[in-house]
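Fold and geometry: a report
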Amino acid sequence: MGFRCGIVGLPNVGKSTIFNALAKAKAQASNYPFCTIDPNKGIVPVPDPRLDALSKLYTPQKTTATTVEFYDIAGLVAGASKGEGLGNQFLGHIKEVEAILHVVRCFEDSDIVHVAGRVDPLGDIQTVDTELCLKDLDTIAGRYDKTLKLMKSGDKDAKEIMPVYERVKKALEDGTPLRRLEFNEDERKKVSDLAFLTIKPVLYCCNVAEADLAGGGGPWVEKVRAYAKQEKAECIVISGKVESELVDLTDEEQKDFLKDLGLQEAGLNVLIRAGYSLLGLITFFTAGEKEVRAWTVHKGAKAPQAAGEIHSDFERGFIRAEVMAYEDLIRLKSAAAVKEKGLLRIEGKEYTVQDGDVMLFRFSV
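These lines cover the structure that appears in this document, whether it is placed above or below. (Residues numbered from 1 in each chain as written. Predicted model: local features only at pLDDT ≥ 70, side-chain atom pairs only at ≥ 80, totals over all residues. Heavy atoms only, no water.)

**Some remarks on the overall build of the protein chain**
For the record, the criterion: Strands are runs of DSSP state E lasting at least two residues, helices are runs of H or I lasting at least four, and both sets are numbered from the N terminus onward. Only protein chains enter the accessibility calculation, which uses a 1.4 Å probe; a residue is then buried when its area is under 20% of its type maximum, exposed when over 50%, and partly exposed in between. Two residues form a contact once any of their heavy atoms are found within 4.5 Å. The protein chains shown are the only cover counted for residues, whose accessible areas, like all others here, come from Shrake-Rupley with a 1.4 Å probe.
Along the protein chain, the regular secondary structure elements total 15 helices and twelve strands. When burial is assessed residue by residue, the protein chain has 49% of its 365 residues classed as buried. Residue pairs at least 24 apart in sequence account for 70% of intrachain contacts in the protein chain once pairs closer than 6 positions are excluded. Accessible surface, the protein chain as shown: approximately 18,100 Å² in total, 49% of it carbon and sulfur.

Rendered as structure tokens:
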């Protein structure tokens, strides 16, 4: 599994259109708010040319990509935190994901009515952020009051955690998403059980008209990029219309279509890479005659943790890892040739997995 990503935004910004294209799902996309009644879920294989190359090399019985889960969450509106629209029902769904894909409308279309009657990407972002901040403020309120009482009665743990709660509460009251705050590891642990919505990393997705895609998206996109930069967030540009047209084309037809638009690749590829970067994820591979497979771990993961992605027994009984660099394996065309050249490495428990490693784990239970 790669990561779980919730797609949010105001109604009629193109969320379900993009979801349909990315997940090749059949979620309803209509020109009115709240057409998405339940968070539609799509599991998408991560496109990776390295996996394709390894599969050609090994000709395995099975090739398995790592995946991303997308959740299309119904459009939020002002007042959602208090139950407006479909309100709290959908705010709760955001708690289930690791990252938020915030779709922002950056196109004019008189046939698609904007919920606020105008195209204003930054205003849309602020509306959603406000609702998420208000929801988080509700979350901290009860805990804050309880901890304050305990602190006044002399409770040591309450005294230690109270400064963190005060900082969080103040930020939310000011309308500042918690992802903009700097938390050290200890502070992050202190608030982790509260499952704050605004602490989740955000990837801004500017949905633009087809004509604006090759040129970078236009002035609205530049405003969103500048906003994203303030909170060290990723920002990508996608045309929901283009992505929906790509879905039904063959690989060759897609290449020709993208070339005509002056594009190198589909929006899905861009989105996956941006999401991986946002969450600090990398890919390693296992390869053999039975299966070639891609796996996802966090950057900095040690070899036993990577082994644990395959099976908990692998991590518990980890002995060593046999590691090849993807580039060496492709260049030399076989594991035997890599070993003969002295490029196959034997790594222990302290080895830090690198993006593109091809690994074989030895274990005993």
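**What about the packing of aromatic side chains?**
Between two aromatic rings, the relevant description is the distance of the centres plus the angle of the planes. Operational definition: Any pair of Phe, Tyr and Trp rings, taking the six-membered ring for Trp, is counted once the centres come within 6.5 Å. Such a pair is stacked with planes under 30 degrees apart, edge-to-face with planes over 60 apart, and tilted for the rest. Consider the ring centre and the ring normal. A charge sits over the ring if Lys NZ or Arg CZ is within 6 Å of that centre and within 35 degrees of that normal.
In total, this model carries six aromatic pairs according to the counting rule given. Counting every residue linked through ring pairs, the aromatic cluster contains Phe-284, Trp-295, Phe-318 and Phe-361. The lysine or arginine in question, Lys-169, covers the ring of Tyr-144, its NZ or CZ lying 5.0 Å from the ring centre. Taking NZ or CZ as reference, Arg-293 lies 4.2 Å from the ring centre of Trp-295, over its face.

**Here we look at helix α2 (residues 49–58)**
Rules: Working definition: the arc comes from the directions between the helix axis and the C-beta atoms, pointing outward to the latter. A 3.5 Å cut-off defines polar contacts: any pair of N or O atoms within that distance qualifies, except that in protein one atom must be a possible hydrogen donor and the other a possible acceptor, and neighbouring residues in sequence count only when both atoms are side-chain atoms.
Along α2, the positions that sit buried rather than exposed are Arg-50, Leu-51, Leu-54, Ser-55 and Tyr-58. The buried residues of α2 occupy an angular sector of 140 degrees when the element is viewed end-on, so they sit on one face. Opposite its buried face, α2 presents the exposed residues Pro-49 and Lys-56, each directed more than 90 degrees away. The N-cap residue of α2 is Asp-48: its side-chain oxygen and the backbone nitrogen of Arg-50 are 2.9 Å apart. Just downstream of α2, Thr-59 is the residue with a positive phi angle, here 40 degrees.

**Observations regarding the side chain of Lys-200**
Looking at where Lys-200 falls in the secondary structure, it is placed in the loop between α6 (185–191) and β6 (202–208). At 2.6 Å, the side chain of Lys-200 and the backbone oxygen of Val-97 are in polar contact. Among residues more than four places away in sequence, those in contact with Lys-200 are Ile-94, Lys-95, Val-97, Glu-98, Ile-100 and Arg-179.

**Regarding the layout of surface pockets**
Condition: Only protein atoms enter the 1 Å grid used here, on which a cavity is any set of points holding a 1.4 Å probe that cannot leave and a pocket is any open set flanked by protein within 12 Å on both sides along at least five of seven lines; residues with an atom within 4 Å of a point are listed as lining. Grid points are joined across faces, edges and corners, and a volume is the space filled by probe spheres set on the points.
Its volume calculated, the largest pocket comes out at about 1,100 Å³. In terms of lining, the largest pocket is formed by 37 residues, of which the most central are Val-46, Pro-47, Asp-48, Leu-268 and Asn-269. Of all elements in the fold, only α1 (15–23), β2 (40–45), α2, α9 (240–246), α10 (251–260), α11 (267–279) and β8 (281–287) reach the threshold of two or more residues within the lining of the largest pocket. For the lining of the largest pocket, the leading source of residues is α11, giving six residues.

**Details of the sheet that holds strand β4 (residues 67–72)**
Paired through their backbone hydrogen bonds, the strands of a sheet run either parallel or antiparallel. For the record, the criterion: When DSSP locates at least two bridges between a pair of strands, those strands are taken to pair. With axes taken as lines fitted to C-alpha atoms, and helix axes fitted only over the stretch in contact, angles between N-to-C directions fall between 0 and 180 degrees.
Across the sheet, which stays open at both edges, the six strands sit in the order β2-β4-β1-β5-β6-β7 with mixed pairing between neighbours. Of all strands in the sheet, those with a lone pairing partner are β2 and β7 (234–238), marking the two edges. Across the sheet, the axes of successive neighbouring strands diverge by a mean angle of 25 degrees, strand direction being ignored. Contacts from helix α4 (residues 121–152) reach β5 (99–106) and β6, with the element oriented near 145 degrees to β5.

**A short note on the pairing of β8**
Judged by how many residues are buried, β8 sits mostly within the fold: six of seven residues are covered. Relative to strand β9 (residues 291–298), β8 runs antiparallel, the two sharing seven bridges. Bridge pairing in β9 links Ala-287 to Val-292. Linking β8 to β9, which pair antiparallel, is a turn of three residues.

**Re the packing of α4 against helix α5 (residues 156–173)**
This is how the line gets drawn: Angles are sorted into four bins: roughly parallel if under 35 degrees, roughly antiparallel if over 145, roughly perpendicular if 65 to 115, and oblique for all others. Left-handed describes a crossing in which the near helix is turned anticlockwise from the far one by less than a right angle; the clockwise case is right-handed. Residues are sorted three ways: Asp, Glu, Lys and Arg are charged, Ala, Val, Leu, Ile, Met, Phe, Trp, Tyr, Cys and Pro are nonpolar, and all the rest, Gly among them, are polar.
Packing of α4 against α5 leaves a shortest axis separation of 9 Å and a crossing angle of 150 degrees. Classed by the angle they form, the pair α4 and α5 counts as roughly antiparallel. In this structure, the crossing between α4 and α5 has a hand that is left-handed. Listed contacts from α5 to Cys-133, Asp-136, Leu-137, Ile-140, Arg-143, Tyr-144, Thr-147, Leu-148, Leu-150 and Met-151 of α4 are Ala-158, Lys-159, Ile-161, Met-162, Tyr-165, Glu-166, Val-168, Lys-169, Leu-172 and Glu-173. For the contact of α4 with α5, a count of residues per class yields 13 nonpolar, one polar and six charged.

**So, the pattern of salt bridges**
Threshold: Here, a salt bridge means any Lys or Arg side-chain nitrogen found within 4 Å of an Asp or Glu carboxyl oxygen.
Overall, the coordinates contain 25 salt bridges when judged by the stated rule. Between Arg-143 and Asp-193 there is a salt bridge, with its nearest N and O atoms 3.0 Å apart. Separated by 50 residues along the polypeptide, Arg-143 in helix α4 and Asp-193 in the loop between α6 and β6 bring together distant segments of the chain. A salt bridge links Arg-225 to Glu-222; the nearest nitrogen and oxygen atoms lie 2.6 Å apart. Within this pair, Arg-225 and its partner Glu-222 are both found in helix α8 (residues 219–230), separated by three residues, close to a single helical turn. Take Arg-225: its relative accessible area is 31%, and that puts it in the partly exposed class. For Glu-222, a relative accessible area of 46% corresponds to the partly exposed category.

**Side note on the environment of Asp-129**
Position of Asp-129 among the secondary structure elements: in helix α4. Residues Asp-129 and Leu-197, spaced 68 residues apart in sequence, show a C-alpha to C-alpha distance of 9.5 Å. In contact with Asp-129, not counting residues within four places along its chain, are Pro-177, Arg-179, Tyr-204 and Tyr-227.

Honestly, that's just the spatial picture; any functional story needs more than this.
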